[in-house]
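Examining the three-dimensional arrangement
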Amino acid sequence: MEQDSLAFFENFYTNVTLYVVPEPGATSTPAAVSAAPATAPPIAETPVRVVPLPPAKPAVAPVAATPAPPKLPSLSDLKLPATPAPAAVAPVSPSQPPVAPPDSPPKRTAPPLSETPFTTLGSNPAGLVILVRMDPERFRRLPKNVFLNNMLKAIRMIVEDAVLINVESHLPVELKTLRQHLAATQIIGFGKNLLDVAINKTQLYEPVILAGDAGYLPAAEIELIEEDNSRKKLLWRAMQRMFMS
């Protein structure tokens, strides 16, 4: 124990011999130990390791405070313009008829079919009526038409046995009006929309009975039949059913 302590202090005091006091009852006397010098040599300075400090962190500039958003005006602060009161409407008497605006155009109404204008040629001794729609000049030459005369010869008639009627309007003529002026018992219509009671009720080359006892045969225009043999055959078959059956 004593030797260990002595070794420790010798290491602590470098190059210095320490004096050890003998314990009582020791058999051997250790060699004389030179007296310690009057002044102890300076203690060897233990080198100190200087640990460098970490670099100082740069100062962070303070963040400017975000300005508060402007306060929106409240709806209660808004002043809406006053709504004008509705104008008073004068009551209309039920007995008072409504007055049309002065600038409104008058409504157009079609004239009655009894006023549809037409022109006639012939005396109609046999009660045969031939309806057409053409210009006045062509209508005046119609009694000399070769096709028309040959057609009438096929049913043992001549043009003087019929009344030729030229409808001078896009509207049909009224059968009732025709019968006030002539005996219309058999009617051939060369064209469309010629007779009021035959509209949307007949088909071409299909003879029908109208108004009780009036036979009606619808056909194409005369100028179309003259140039088409197939139409001539259809017309001839229809005339056979109407006049020879």
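Predicted model, so just to flag it, every value in this text is computed and none were measured.

**Here's the deal with the overall build of the protein chain**
- Within the protein chain one finds 6 helices and 6 strands.
- Starting at the N terminus, the α and β elements of the protein chain follow one another as α-β-β-α-α-β-α-β-β-β-α-α.
- Residue pairs at least 24 apart in sequence account for 65% of intrachain contacts in the protein chain once pairs closer than 6 positions are excluded.
- Just so you have it, the protein chain exposes about 19,000 Å², and 60% of that area is on carbon and sulfur atoms.

**As for the side chain of Asn124**
- Along the chain, the position of Asn124 falls in the loop between strand E1 (118-121) and strand E2 (128-132).
- Given a relative accessible area of 7%, Asn124 falls into the buried group.
- A polar contact is formed between the side chain of Asn124 and the backbone nitrogen of Leu128, at a distance of 2.8 Å.
- Leave out the neighbours within four places in its chain, and Asn124 touches Asp161, Ala162, Val163, Leu182 and Ala183.

**Some remarks on the environment of Leu210**
- Turning to its location among the elements, Leu210 is positioned in strand E5 (residues 208-210).
- Classification of Leu210 by relative accessible area gives buried; the value is 9%.
- Note: C-alpha distance between Leu210 and Val197 (13 residues apart in sequence) is 7.2 Å.
- Those residues in contact with Leu210 that lie beyond four places of it in its chain are Leu195, Val197, Ala198 and Tyr216.

**Details of the nonpolar core**
- Residues Ile130, Met151, Leu152, Phe190 and Leu235 are the most contacted members of the largest nonpolar core, which totals 28 residues.
- Elements with a contribution of two residues or more to this core: E2, helix H3 (146-154), strand E3 (162-167), strand E4 (186-190), strand E6 (214-219), helix H5 (222-226) and helix H6 (229-243).
- Looking at this core, the element that brings in the most residues is H6, giving 5 residues.
- Dropping the residues within four chain positions of it, Ile130 is found in contact with Leu148, Met151, Leu152, Ala162, Val163, Leu164, Ile165, Ile188 and Phe190.
- Counting residues in each nonpolar core, the second largest holds 16 residues, with Val173, Ile187, Ala198 and Tyr216 among its members.

**Re the confidence of the model for the protein chain**
- The share of residues in the protein chain with pLDDT of 70 or more is 55%, and the mean pLDDT across the chain is 75.
- Segment residues 29-38 is flagged for pLDDT under 50; beyond a separation of four residues in sequence, or across chains, it makes 4 contacts in the model.

**Comments concerning the sheet that holds E5**
- With mixed pairing, the 6 strands of this open sheet are ordered in space as E1-E3-E2-E4-E6-E5. The open sheet has two edge strands with one neighbour each: E1 and E5. Pairs of neighbouring strands in the sheet enclose a mean axial angle of 25°, with direction left out of account.
- Pairing of E1 with E3 involves 4 bridges; the strand directions are antiparallel. From the neighbouring strand, Phe118 faces E3, where its bridge partner is Val167.
- Here H6 sits on the sheet in contact with E2, E4 and E6, set at roughly 175° to E6.

**As for the side chain of Asn145**
- Following the sequence through the fold, Asn145 ends up in the loop between helix H2 (136-141) and H3.
- Asn145 gets classed as buried once you look at its relative accessible area, which sits at 16%.
- Only 2.9 Å separates the side chain of Asn145 from the backbone nitrogen of Leu148, close enough to count as a polar contact.
- If near-sequence neighbours (up to four positions away) are discounted, Asn145 is found in contact with Ile222 and Glu226.

**Comments concerning the packing of H3 against H6**
- Between H3 and H6, the shortest axis-to-axis distance is 11 Å and the interhelical angle comes to 35°. Considering how the two elements wind past one another, H3 and H6 form a crossing that is right-handed. Contact residues: Phe147, Met151 and Ala154 in H3; Lys232, Leu235, Trp236 and Met239 in H6.

**Some remarks on H3**
- Where H3 is concerned, the buried positions are Phe147, Leu148, Met151 and Leu152. Along H3, the residues classed as buried sweep out an arc of 130° about the axis, all on the same side. Turned more than 90 degrees away from the buried face of H3 sit Val146 and Lys153, all of them exposed.
- Those residues of H3 that are buried lie in contact with E2, E3, E4, H5 and H6.
- The N-cap of H3, judged by a side-chain oxygen 3.0 Å from the amide nitrogen of Phe147 a few residues on, is Asn145.
- Remark: Arg156 follows H3 within two positions and exhibits a positive phi of approximately 65°.

The rules we used
- Residues numbered from 1 in each chain as written.
- Predicted model: local features only at pLDDT ≥ 70, side-chain atom pairs only at ≥ 80, totals over all residues.
- Heavy atoms only, no water.
- Helix = DSSP H or I, 4+ residues; strand = E, 2+ residues; numbered from the N terminus.
- Contact = heavy atoms within 4.5 Å.
- Areas by Shrake-Rupley, 256 points an atom, 1.4 Å probe, with all protein chains shown as cover.
- Buried < 20%, exposed > 50% of the residue type's maximum accessible area, 1.4 Å probe, protein only.
- Polar contact = N/O pair within 3.5 Å; in protein donor to acceptor, adjacent residues only side chain to side chain.
- Core = buried A, V, L, I, M, F, W, Y, C linked by side-chain atoms within 4.5 Å.
- pLDDT = per-residue confidence, 0-100.
- Pairing = 2+ DSSP bridges.
- Axes fitted to C-alpha atoms, helices over the stretch in contact; angles between N-to-C directions.
- Left-handed = near helix turned anticlockwise from the far one by under 90°.
- Arc of directions from axis to C-beta.

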